[in-house]
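Residues per chain, in single letters:
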Amino acid sequence: MGHWLHQNIVEPGKLPLLLALTAFVLTFAVTRFVTRMIRAGKGPFRNITPCGMHIHHVVPGVVLSVVGGFGAVTSGTHGVAAGVCAVVFGTGAGLVLDEFALILHLDDVYWTEEGRQSVEVVVLTASLVLLVLAGFSPLGVEDLSGDQQQGRLGVVLTYAANFGCVLVALFKGKVRMAVIGTLVPFVAVIAAVRLARPASPWARRLYRRRHRARARSILRAYHHDVRWAGPRRRFQDLIGGAPDRTPLPGPRP
């Protein structure tokens, strides 16, 4: 195990990335545990409210991300300083992305349906970093042979083709597949070939007069959402906690 770690993580300079990912995941897990305890009124945890103003944990997260990021730029990929900066940055990033929905909506939506977006972004970020750590290079250029790497035209075409597939996937409303496709080109190709989501810019512009394609797109999106909405919600609730249930409108007592 030690030999594998040294050969695949330490020598290539990936140890700071591993430390940052570990700090990121642990920070998110601890933060969600603390916030769920505060929400339930259990334990010694309380919100930080100096002078009556609620300080969200995105604030120290931004500070730690800035300190760790600038420190990482100057410390390189080896040594104790690089590892410390990676941990500081990963901790800050975990605090920031745990409140991604607050930044996006400029509102405290932590325990609402919109707050689920924070969990989605954290899971997606951790997955992408794990792919990079496992050896995936952006756009799949690591699969080129030595002769192909010397031909810059081939490299440029590879970048351009995959970037085009990623853009098509984005316009088709498949954001998750587009992001993953930047690291795994096969995913971007699949997203670019398949039908667009009904509400996507691609469908609104190109399916306007193609009634059959639009109907197939709506039907496929419906079946996909029905199949995966439940498991995705249960997974998000398990990680981040269930959102507040909005009471149904009814007659006042």
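Refer to the structure presented above.
Residues numbered from 1 in each chain as written. Predicted model: local features only at pLDDT ≥ 70, side-chain atom pairs only at ≥ 80, totals over all residues. Heavy atoms only, no water.

Draft legend 1. Structural detail: a nonpolar patch on the surface. Taken together, the side chains of Phe-163, Leu-167, Leu-170, Phe-171 and Val-175 present a nonpolar region at the surface, about 450 Å² in accessible area. With 4 residues, helix H8 (residues 152–171) is the largest single contributor of residues to the nonpolar patch. Tracing the backbone shows Phe-171 in helix H8. (Patch = residues over 30% accessible without salt bridge, like charges linked within 9 Å, V, L, I, M, F, W, Y side chains within 5 Å. Areas by Shrake-Rupley, 256 points an atom, 1.4 Å probe, with all protein chains shown as cover. Salt bridge = Lys/Arg side-chain N within 4 Å of Asp/Glu carboxyl O. Helix = DSSP H or I, 4+ residues; strand = E, 2+ residues; numbered from the N terminus.)

Draft legend 2. Here's a closer look at the environment of Phe-186. Counting through the fold element by element, Phe-186 comes out in helix H10 (residues 185–193). You can call Phe-186 exposed: its relative accessible area is 59%. The spacing of Phe-186 and Cys-165 is 21 residues in sequence and 9.6 Å in space, taken between C-alpha atoms. (Buried < 20%, exposed > 50% of the residue type's maximum accessible area, 1.4 Å probe, protein only.)

Draft legend 3. Quick peek at unusual backbone geometry. With a phi close to 50 degrees, Leu-106 is a non-glycine residue in the positive phi region. For Leu-106, the position within the fold is in the loop between helix H5 (100–105) and helix H6 (116–134).

Draft legend 4. Region of interest: the pattern of salt bridges. For the coordinates displayed, the defined rule picks out 2 salt bridges. Residue Asp-98 pairs with Arg-32 through a salt bridge whose shortest N-O separation is 2.7 Å. Residue Asp-98 is located in helix H4 (residues 80–98), and its partner Arg-32 is located in helix H2 (residues 15–40); the two are separated by 66 residues in the primary sequence. Per residue, the accessibility class of Asp-98 equals that of Arg-32, and both read buried. Note that Glu-113 is salt-bridged to Arg-116, the shortest N-O span being 2.9 Å.

Draft legend 5. Focus on the packing of aromatic side chains. Scanning all chains against the criterion turns up 2 aromatic pairs. Geometrically, the ring pair formed by Phe-33 and Phe-45 is edge-to-face, given 6.3 Å between the ring centres and 80 degrees between the ring planes. One end of the pair, Phe-33, is in helix H2; the other, Phe-45, is in the loop between H2 and helix H3 (58–75), and 12 residues separate them in sequence. A cation over an aromatic ring shows up here: Lys-172 above the ring of Trp-202, its NZ or CZ 4.9 Å from the ring centre. (Phe/Tyr/Trp six-rings, centres within 6.5 Å; stacked < 30°, edge-to-face > 60°. Lys NZ or Arg CZ within 6 Å of the ring centre and 35° of its normal.)

Draft legend 6. Structural view of H4. Over its 19 residues, H4 runs 27 Å from end to end, which matches the ideal 27 Å to within 8%, given 1.5 Å per residue. Restricting attention to buried positions, one finds in H4 the residues Ala-82, Gly-83, Cys-85, Ala-86, Gly-90, Gly-92, Ala-93, Gly-94, Leu-95, Val-96, Leu-97 and Asp-98. For H4, the secondary structure elements touched by its buried residues are H2, H3, H5 and H6. (Expected span 1.5 Å × (residues − 1). Contact = heavy atoms within 4.5 Å.)

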